[in-house]
Amino acid sequence: PRRASPDAPRPPPIETVPDSRPTLVDMWTLALALATASPTTADLHVDASASCAAADGSSAAPFCTIGEALAAAASGDVVRVAPGTYVELLDLPTGSTTIVGSAGAEATILDAARAGLAVTVPAGADATIQGLTITNGDGAAAGVGGGAGITSYGRLTLDGCIVRDHRSEGPSSTVRAIALLHDSPDDLTLRGCEFADNTSLSAPLPLPAPAPPVLVLGGPDVRIEDCVFRRNGSWQSLGLVCDTGSV
């Protein structure tokens, strides 16, 4: 056989290109990372004294009402409320929601203005309310069920809140509690709260039916820590009814 001349040109070397396509292991690693990643949460800001124009919940353009922030909130978000008085009724969303009064309960007031149930927590919600005064709920205005102050059918934590001046008066009121009703398969925690001046002192109709209790607490586990109860009362009824696994 003929041999190539040593002076003959040689063919160029073949260049290999690394395979950049993801392997099966890479795809499984990405899927696992996405499945275990913590969901993104946001802080939504509320300030009753701010301009409502172009509000987006940022610290520079806060919402004017707590209800607006709750409507925009995703599960896990924190609603941060500036000092002031907010005249509204709150219906919390399902999922996890935290409401924080940034200057504490004395300076941050949710006023239901006798228009109905002040706060409603639905089934499926995991709600934390911190540093808020909740006042002036009215069972007669609500007309049916719940608690004039706070009605909870989900998981609820009240931390450093003041719950005061809720009423259940007159024949049109059929609420089941004056200050707080927790009727839920989920837990309730009351920590560092004050319940004051929640009353139903007039006789409901038809006589001699008693007025509703001040608090009705259910659920598998109720925790009451460092709370104060003062000047609460209900006509021919009880201050506290517990229908729960443990207190």
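The structure under discussion appears in the preceding block.
To keep things clear, this report deals only with the structure shown in the data block. Only a predicted model underlies this, so the values are computations on that prediction, with no experimental measurement involved. Residue numbers here run from 1 along each chain, matching the order of that chain's written sequence. pLDDT decides what is reported in this predicted model: residues at 70 or higher carry local features, side-chain atom pairs at 80 or more are listed and counted, and totals for whole chains, interfaces and linings draw on all residues regardless. Computation of side-chain values: all heavy atoms of the structure, hydrogens and water removed.

1. Some words on the pairing of strand β2 (residues 78-81)
Convention followed: The pairing criterion for strands is at least two bridges between them, as found by DSSP. Think of it this way: any DSSP run of H or I at least four residues long counts as a helix, any run of E at least two long counts as a strand, and we number them from the N terminus.
Pairing geometry for strand β1 (residues 43-46) and β2, over four bridges, is parallel. When the bridges of β2 are listed, His45 appears paired with Arg80. Bridge analysis of β2 against strand β5 (residues 95-101) gives four bridges, and the strand direction is parallel. Residue pairing in the sheet places Arg80 in a bridge with Val100 of β5.

2. A word on the state of the cysteines
Stated precisely, the cut-off is as follows: By disulfide we mean two sulfur atoms from cysteines, separated by a distance within 2.5 Å.
One pass over the structure, following the stated rule, counts one disulfide. Disulfide pairing places Cys52 opposite Cys64 at an S-S distance of 2.0 Å. Looking along the S-S bond of the Cys52-Cys64 disulfide, the torsion reads about -130°, which is the left-handed sense. One end of the pair, Cys52, is in the loop between β1 and α2 (66-72); the other, Cys64, is in the loop between β1 and α2, and twelve residues separate them in sequence.

3. A word on the environment of Pro185
Rules: The buried label applies to any residue whose accessible area, calculated with a 1.4 Å probe on protein chains only, is under 20% of its type's maximum; exposed applies above 50%, and partly exposed to all values in between. We call two residues in contact whenever any of their non-hydrogen atoms come within 4.5 Å of each other.
As for its position among the elements, Pro185 is in the loop between β13 (180-182) and β14 (188-191). Residue classification places Pro185 among the exposed positions, given a relative accessible area of 65%. For Pro185 and Gly219, which are 34 residues apart along the polypeptide, the C-alpha to C-alpha distance reads 4.8 Å. With residues near it in sequence (within four places) discarded, Pro185 still touches Tyr153 and Pro220.

4. Some remarks on the pattern of salt bridges
Worth spelling out the cut-off: By convention in these notes, a salt bridge is any Lys or Arg side-chain nitrogen within 4 Å of a carboxyl oxygen on Asp or Glu.
The final tally for this structure, using the stated rule, is ten salt bridges. Note that Asp159 is salt-bridged to Arg191, the shortest N-O span being 3.5 Å. Of this pair, Asp159 sits in strand β11 (residues 155-159) while Arg191 sits in strand β14; the two residues are 32 residues apart in sequence, bridging distant segments of the chain. For Arg191, a relative accessible area of 33% translates into the label partly exposed. For Arg230, the salt bridge identified is with Glu194, shortest N-O distance 3.1 Å.

5. Focus on the side chain of Thr135
Of note, Thr135 is situated in strand β9 (residues 133-135). Under the relative-accessibility criterion, Thr135 is labelled buried at 2%.

6. Some words on the environment of Ala112
Along the chain, Ala112 turns up in the loop between β6 (108-111) and β7 (119-121). Taking C-alpha positions, Ala112 is 5.4 Å from Glu88, a pair spaced 24 residues apart along the chain. With sequence-adjacent residues up to four places away left out, Ala112 is seen in contact with Glu88, Leu89, Ala118, Thr135, Asn136 and Gly137.

7. Examining the side chain of His166
For the record, the criterion: Here a polar contact means two N or O atoms within 3.5 Å. Within protein one must be a hydrogen donor candidate and the other an acceptor candidate, and residues neighboring in sequence count only if both atoms are side-chain atoms.
Following the sequence through the fold, His166 ends up in the loop between β12 (162-164) and β13. A distance of 2.9 Å separates a polar side-chain atom of His166 from the backbone oxygen of Ile134. From its side chain, His166 meets the backbone nitrogen of Gly137 in a polar contact 2.7 Å long.

8. Section: the sheet that holds strand β10 (residues 150-152)
Hydrogen bonds between backbone atoms are what pair the strands of a sheet, whose relative direction is either parallel or antiparallel. The strand order β4-β7-β10-β13-β17-β21 describes an open sheet built from six strands, whose pairing is parallel. Two strands lie at the open edges of the sheet, namely β4 (90-91) and β21 (240-244), each paired on one side alone. In this sheet, β10 lies alongside β7 in parallel orientation, the contact comprising three bridges. By the bridge assignment, Val121 is partnered in β10 with Ser152.

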